[in-house]
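Residue-level structure breakdown
Letter by letter, the chains look like this.
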Amino acid sequence: MAGRKRKLQTETLSSRLKAKVALLGQKEPPVAPVGGNAAPGEAAGDPHLRLGQDFFNQPCITLAKAFLGKVLVRRCVDGTELRGRIVETEAYLGGEDKASHSAGGKRTERNTAMFMKPGTIYVYPIYGIYLCMNVSSEGEGAAVLLRSLEPLQGQPVMRQLRAARRKEGSPQLKDKQLCNGPSKLCQALDIPRRFDRRDLASDPEVWLETDPDAGPAGPRDVVSAPRVGIESHGEWAKKPWRFYLRGHPCVSVVNKEAEKQSGNEMKDTGRQNVQSTETTPCCGNIV
DNA sequence: GTAGGGATGGTCT
DNA sequence: GACCATCCCTACA
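Notes on the structure follow. (Residues numbered from 1 in each chain as written. Chains lettered and ligands numbered in written order. Predicted model: local features only at pLDDT ≥ 70, side-chain atom pairs only at ≥ 80, totals over all residues. Heavy atoms only, no water.)

A count of helical and extended segments in chain A gives 6 helices and 10 strands. Scored against the burial criterion, the 287 residues of chain A give a buried share of 52%. In chain A, 66% of the contacts between residues at least 6 apart in sequence involve partners at least 24 apart. Surface accessibility of chain A: about 14,000 Å² in total, with carbon and sulfur atoms responsible for 53%. (Helix = DSSP H or I, 4+ residues; strand = E, 2+ residues; numbered from the N terminus. Buried < 20%, exposed > 50% of the residue type's maximum accessible area, 1.4 Å probe, protein only. Contact = heavy atoms within 4.5 Å. Areas by Shrake-Rupley, 256 points an atom, 1.4 Å probe, with all protein chains shown as cover.)

Put into structure tokens, the structure is as follows:
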């Protein structure tokens, strides 16, 4: 019964995905002009804002924290730019980190990007139907998973992209629901599998910028919590290597226990992750 | 608003 | 053949 229901959903889903492909090639709702068109051989985006190779070349945990507050930009085929501020990341160190795809130095066709130069995008499929986006850092096999964004620009397009995988007639997604999860942000920004192994420092379709409007996030604004979805990895699942902006409504999973301890020195937080609901907004434009 | 169940197919052993 | 860094829907409080 449930299988039949799912099949029906999948069928409508595939036709909606086709609509999504068409959508990306067509005229999209107007968005504020930002950045500029890159000349051939020149990195896209505003050179004053775009983060280069130096930024990515830092230790995994440091980079995971440094990502918070930075802006991920996706330029579509028609020049439309989608922007989202990074509010949640996870560090996967590789090597001895048993929860990492590159644990034990294991290198496969899938995770090759994790061993490439810092700033290389690692996109992989999960649970058959979703994608997750990582960025490699300094260190052999180390990478940072991007978990959540705060939508800043192009929300109507993001909403359409996300709706392509949802049941028809579902209530419209609020802004804060567009990118509050690793696979959701890939859908909302149309990050496809082909972006795997691309260089975030030089790619013309996707890059990272500093946010000139954002103040620096101090240590007390950042919560360190255990990573999500890796319970089977024992002790490694408890490492507080998930980082998010305290009180931000776009965080996918809030951990109240970790929030109490962050700032005091986090120890063992146990399993206190809860699905994000309504938290105190720290920015005014999230509906 | 929250909790629980179930789907999905690529990747790895 | 089993696992999985997720998501969505439904039922219930």
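A few words on helix α3 (residues 60–67). Within the span of α3, buried status applies to Cys60, Leu63, Ala64, Ala66 and Phe67. On an axial view of α3, the arc spanned by its buried residues comes to 165°, and they lie on one face. (Arc of directions from axis to C-beta.)

A surface patch of nonpolar side chains, about 360 Å² in accessible area, is lined by Tyr127, Ile129 and Tyr130. Turning to its location among the elements, Ile129 is positioned in the loop between β3 (121–126) and β4 (130–136). A residue is classified by how much of its surface remains accessible, and Ile129, at 48% relative accessible area, is partly exposed. (Patch = residues over 30% accessible without salt bridge, like charges linked within 9 Å, V, L, I, M, F, W, Y side chains within 5 Å. Salt bridge = Lys/Arg side-chain N within 4 Å of Asp/Glu carboxyl O.)

A few words now on the protein's contact with DNA strand C. Surrounding DNA strand C, one finds 24 residues, the nearest of these being Asn134, Arg162, Lys167, Ser183 and Gly229. Atoms of DNA strand C within 4 Å of the protein: sugar and phosphate make up 62%, bases the balance. One of the side-chain nitrogen or oxygen atoms of Tyr124 is found 3.0 Å away from a base nitrogen of DNA strand C. Interatomic distance of 2.9 Å between a backbone N/O atom of Lys184 and a phosphate oxygen of DNA strand C. (Near = heavy atom within 4 Å. Polar contact = N/O pair within 3.5 Å; in protein donor to acceptor, adjacent residues only side chain to side chain.)

Going residue by residue along strand β6 (residues 206–209), you find Val206 and Leu208 tucked away on one face and Trp207 and Glu209 tucked away on the opposite face as well. Alignment of strand β1 (residues 71–75) against β6, held across 4 bridges, turns out to be antiparallel. Looking across to β6, one finds that Val73 is bridged to Trp207. (Pairing = 2+ DSSP bridges.)

Applying the stated criterion to the full structure yields 5 aromatic pairs. With 5.8 Å between their ring centres and 55° between their planes, Phe55 and Phe67 make a pair best called tilted. Taken together, the residues Phe55 in helix α2 (residues 53–56) and Phe67 in helix α3 connect sequence positions 12 residues apart. The rings of Phe55, Phe56 and Phe67 are connected pair by pair, giving a single aromatic cluster. The ring of Tyr92 carries the charged tip of Arg227 above its face, separated from the ring centre by 4.6 Å. Positioned above the aromatic ring of Trp236 is the side chain of Lys239, whose terminal nitrogen or guanidinium carbon lies 5.0 Å from the ring centre. (Phe/Tyr/Trp six-rings, centres within 6.5 Å; stacked < 30°, edge-to-face > 60°. Lys NZ or Arg CZ within 6 Å of the ring centre and 35° of its normal.)

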